[in-house]
Amino acid sequence: MVRPKKQRYVGKEPIIDYFKPRGIPIRDLEEINLTKEEYEALRLKEIENYSQVKCSELMNVSQPTYSRVLDSARKKITDAIVNGKALKIEGGVFKLVKRKFKCFDCKSEWMIAFGTGRPNSCPKCEGLDIQRVSLEKISV
Ligand SMILES: [Zn+2]
């Protein structure tokens, strides 16, 4: 029997999802596919600087699984840089998770990526009376 796979969480989708070596036509390049889970594993570790324990919690996976995803992501990025391949960030099976905050001064609400730090003030009025209102999960 196959064990059901836990739903993986991704907090932020890439802004740019394609990278290629300069001056070489795409048709002549080998393409590497980095999944969005792999992208998220890298983002949480290398940009947000979370521990592996925290990263695995944020992605809703076990630590060994997180470690495998991160390792795979690093190998792919390295392969692309060292061997001059194109890198496409696409696919994966995950849930896009965002956090919603509300400002009690101006009543505005906004969403931020899961796994980023708590905002200090309202982006609209800079008020400090802000609170997290709910966890939004968007199925992908
Ligand atoms: Zn405000």
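Conventions we followed
Residues numbered from 1 in each chain as written. Predicted model: local features only at pLDDT ≥ 70, side-chain atom pairs only at ≥ 80, totals over all residues. Helix = DSSP H or I, 4+ residues; strand = E, 2+ residues; numbered from the N terminus. Buried ≥ 20, exposed ≤ 12 C-beta atoms within 10 Å, placed from the backbone. Contact = placed C-beta atoms within 7 Å. Domains from an automatic or database assignment. Nonpolar A, V, L, I, M, F, W, Y, C, P; charged D, E, K, R; others polar.

**Student:** When you look at the environment of P21 in this model, what are you seeing that I'm missing?
**Tutor:** Along the chain, P21 falls in the loop between β2 (18-19) and β3 (31-34). Overall, the presence of 15 C-beta atoms within 10 Å leaves P21 in the partly exposed class. Taking C-alpha positions, P21 is 35 Å from S62, a pair spaced 41 residues apart along the chain. The residues contacting P21, other than those within four sequence positions of it, are L29 and G84.

**Student:** So what exactly am I meant to see when it comes to the domain arrangement of the chain here?
**Tutor:** Interfaces are often sized by the accessible area lost when the parts come together. Structurally, the chain comprises domain 1 (9-89) and domain 2 (98-139). The interface is formed by six residues belonging to domain 1 together with five residues belonging to domain 2. Among the residues making up the side of domain 1 that touches domain 2, the classes are represented as three nonpolar, one polar and two charged.

**Student:** Quick question: what am I supposed to make of unusual backbone geometry here?
**Tutor:** For residues that are not glycine, phi is negative in most cases, and the peptide bond is trans in most cases. If you check the backbone angles, K107 has positive phi at about 70° while not being a glycine. Looking at the element boundaries, K107 is found in the loop between β5 (95-103) and β6 (109-113). Classification of K107 as exposed rests on a count of 11 C-beta atoms within 10 Å. In this structure, E126 takes a positive phi of about 65° despite not being glycine. By the secondary structure assignment, E126 is in the loop between β6 and β7 (130-139).

**Student:** Where do I start with helix α1 (residues 36-47) in this structure?
**Tutor:** Because an α-helix packs 3.6 residues into every turn, residues spaced three or four apart end up facing the same way. All of the buried residues in α1 are K36, E37, E38, Y39, E40, A41, R43 and L44. In this structure, the buried residues of α1 make contact with β1 (9-10), β3, α2 (52-59), α3 (63-83) and β4 (86-89). One or two positions beyond α1, positive phi appears at N49, with a value near 60°.

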